[in-house]
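# A closer look at the structure
Given next are the chains, with one letter for each unit.
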Amino acid sequence: MALLASLAYGSADFAAGVGSRRLAAGPVTVFVQAFGLLAAGAGVLLIPGAGPTTHALTWGALSGLGSAMGTLALYRGFSVGAMSVTATCSAVLTAVIPAIVGLFLGDHLSLLAMVGIVLAVPAVSLVSWQPQSEQRGRAGLSHGIVAGAGFALLFVALDRAGTASGAWPLVPGQAAALLLVLPFACRAHLWKAGWRPAALPTVVAGILTGTANLLFLAATGHGQLAVVAVITALYPAVTVLLARVLLAERSTRLQTTGLFASAAAVALTSLG
C-alpha cells in the first residue's frame with residue numbers, strides 16, 4: 001500500500017505539474033485540494049471505520065496543515081529558487097523525519113529494512129536532482145526545508161490519527177488544507193481564460209492525491225511508520241518516469257542511477 005501511495009503521489013505531482021504549465025500554481029493547488037476533499041468524502045463512504053473521534057479528527061486537521069505548508073512551499077520554491085535544490089531537500093526530509101519519528105516511537109526494523117531506508121535517502125536525492133541553470137540555491141534550500149517539514153508533518157499526523165476511524169481523518173485534513181491555501185490562490189487570477197485546458201490534469205491530480213492519502217493512512221495501520229514513510233517518499237521516481245514517457249523529457253545519468261537505487265531500496269525495505 002505504501003508503494004501504491006508512492007505511485008499515486010508521484011502521478012498526482014506529474015498531473016499538477018502539467019496543470020501548472022497552463023494555469024498559475026496557486027489556483028491549481030486550490031483545485032487539487034478541493035478534489036482531494038471530495039475524494040476524502042468518498043473514502044469515508046467506503047471506509048467509515050468506527051466513526052469520527054476527537055483524536056482522529058484532530059490529527060487529521062493537523063495533517064492538513066502539513067499538506068498546505070508543504071505544497072505551497074514546494075510550488076513557491078519552484079518559482080523563486082533552484083528547482084533541483086527545492087525538490088531534493090523536500091524529498092529527503094519527507095523520508096527522513098517520519099523515519100526518525102517512527103524509530104523514536106518504538107519502530108523495530110530488521111537489518112534489511114535499515115539498509116533499504118539508508119539507501120532510499122540518496123536514491124530520492126538523485127531522482128529529484130536537476131541541473132541548475134541559475135544560482136538560486138539559497139532560496140530553493142529554504143523553501144525545500146519548509147516543504148519537507150510540511151510533508152513530513154502530513155505523514156506523521158496521518159500515522160498518529162490511526163485507522164480505527166477509517167478515512168475520517170482525511171476529511172478535516174483536506175478541508176484545512178483547502179482553507180489554508182485559498183487566500184494564496186486568491187492573489188492570482190483564478191478564473192482567467194486559460195483555466196479550461198488545466199481542468200482535466202488538475203482534477204486527476206486532486207483525485208490521485210486523495211487516493212494517495214487514503215493508501216498511506218491504510219499502510220500505516222499495517223506497517224511501521226519508518227518503513228511506510230520511506231517507501232512512500234520515493235514518489236519523485238514516478239514523476240520522473242511519467243515525464244520521460246509522456247513528455248519525452250530526458251533523464252540525467254544521476255536520475256537513472258536514482259531510479260535503480262529506488263527500486264533496490266523498495267525491495268530491501270519490503271523484504272525486511
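Below you will find a few notes about this structure.

Reading the values: the criteria
Residues numbered from 1 in each chain as written. Predicted model: local features only at pLDDT ≥ 70, side-chain atom pairs only at ≥ 80, totals over all residues. Heavy atoms only, no water. Helix = DSSP H or I, 4+ residues; strand = E, 2+ residues; numbered from the N terminus. Buried < 20%, exposed > 50% of the residue type's maximum accessible area, 1.4 Å probe, protein only. Contact = heavy atoms within 4.5 Å. Areas by Shrake-Rupley, 256 points an atom, 1.4 Å probe, with all protein chains shown as cover. Phe/Tyr/Trp six-rings, centres within 6.5 Å; stacked < 30°, edge-to-face > 60°. Core = buried A, V, L, I, M, F, W, Y, C linked by side-chain atoms within 4.5 Å. Salt bridge = Lys/Arg side-chain N within 4 Å of Asp/Glu carboxyl O. Axes fitted to C-alpha atoms, helices over the stretch in contact; angles between N-to-C directions. Parallel < 35°, antiparallel > 145°, perpendicular 65-115°, else oblique. Left-handed = near helix turned anticlockwise from the far one by under 90°. Nonpolar A, V, L, I, M, F, W, Y, C, P; charged D, E, K, R; others polar. Patch = residues over 30% accessible without salt bridge, like charges linked within 9 Å, V, L, I, M, F, W, Y side chains within 5 Å.

All right, on to the overall build of the protein chain then. The helix and strand inventory of the protein chain stands at 11 helices and zero strands. Order of helices (α) and strands (β) in the protein chain, N terminus to C terminus: α-α-α-α-α-α-α-α-α-α-α. Burial statistics for the protein chain: of 272 residues in total, 49% are counted as buried. Sequence separation of 24 or more characterises 93% of the internal contacts of the protein chain that already satisfy a separation of 6 or more. When the accessible area of the protein chain is evaluated, it comes to approximately 12400 Å², of which 71% is carbon and sulfur surface.

What follows deals with the environment of Pro 98. Within the secondary structure, Pro 98 is located in helix 4 (residues 83-104). Classification of Pro 98 as buried rests on a relative accessible area of 0%. Distance from Pro 98 to Val 227, taken between C-alpha atoms, is 9.1 Å for residues 129 residues apart in sequence. Beyond its immediate stretch of four places on either side in the chain, Pro 98 contacts Leu 93, Ala 152, Phe 155, Val 156, Leu 225, Ala 226 and Ala 229.

This next bit is on the packing of aromatic side chains. Counting across every chain of the model gives three aromatic pairs. Here the aromatic rings of Tyr 9 and Phe 155 are separated by 6.0 Å at their centres, their planes lie at 45 degrees, and the arrangement is tilted. Of the two residues, Tyr 9 is situated in helix 1 (residues 2-20) and Phe 155 in helix 6 (residues 137-161); the sequence distance between them amounts to 146 residues. On the basis of relative accessibility, which here comes to 3%, the residue Phe 155 falls in the buried class. Relative to Phe 216, the ring of Phe 155 lies with its centre 4.2 Å away and its plane at 20 degrees, an arrangement referred to as stacked.

Moving on, we come to the environment of Ala 175. Looking at the secondary structure, you find Ala 175 in helix 7 (residues 170-185). When its relative accessible area of 26% is taken as the criterion, Ala 175 is described as partly exposed. Taking the C-alpha atoms as reference points, Ala 175 and Leu 38, 137 residues apart in sequence, are found 9.6 Å from one another.

In this structure, Tyr 9, Leu 109, Phe 155, Leu 158, Leu 170 and Phe 216 are the most contacted members of the largest nonpolar core, which totals 35 residues. At the level of elements, helix 1, helix 2 (25-46), helix 3 (54-80), helix 5 (111-128), helix 6, helix 8 (199-222) and helix 9 (225-232) are the ones that each hand at least two residues to this core. In terms of residues, this core owes the most to one element, helix 9, which gives seven residues. Apart from the residues within four sequence positions on either side, Phe 155 is in contact with Tyr 9, Thr 94, Pro 98, Phe 216, Leu 225, Ala 229 and Thr 232. Among the nonpolar cores identified, the runner-up in size contains six residues, and Ala 15, Ala 16, Val 32 and Ala 205 belong to it.

This next bit is on the side chain of Ser 6. With respect to the helices and strands, the residue Ser 6 is situated in helix 1. Residue contacts for Ser 6: discarding those within four places in its chain leaves Ile 231, Thr 232, Leu 234, Tyr 235 and Val 238.

Below, the discussion takes up the pattern of salt bridges. The full count for this structure, using the stated rule, is one salt bridge. Among the ionic pairs, Asp 159 bridges to Arg 160, the shortest N-O distance being 3.9 Å. Overall, the relative accessible area of 14% leaves Asp 159 in the buried class. You can call Arg 160 partly exposed: its relative accessible area is 36%.

Contact geometry of helix 8 with helix 9 gives a least axis separation of 9 Å together with a crossing angle of 150 degrees. In terms of axis orientation, helix 8 runs roughly antiparallel to helix 9. Two packed elements cross with a definite hand, and for helix 8 against helix 9 that hand is right-handed. Here Phe 216, Ala 219 and Thr 220 of helix 8 lie close against helix 9, whose contacting residues are Leu 225, Val 228, Ala 229 and Thr 232. Considered class by class, the residues forming the contact of helix 8 with helix 9 number five nonpolar, two polar and no charged.

Turning to a nonpolar patch on the surface, a few remarks are in order. Together, Leu 3, Leu 4 and Leu 7 make up an exposed nonpolar region whose accessible area comes to about 260 Å². Among the structural elements, Leu 3 can be located in helix 1. Among the residues examined, Leu 3 registers a relative accessible area of 43% and is labelled partly exposed.

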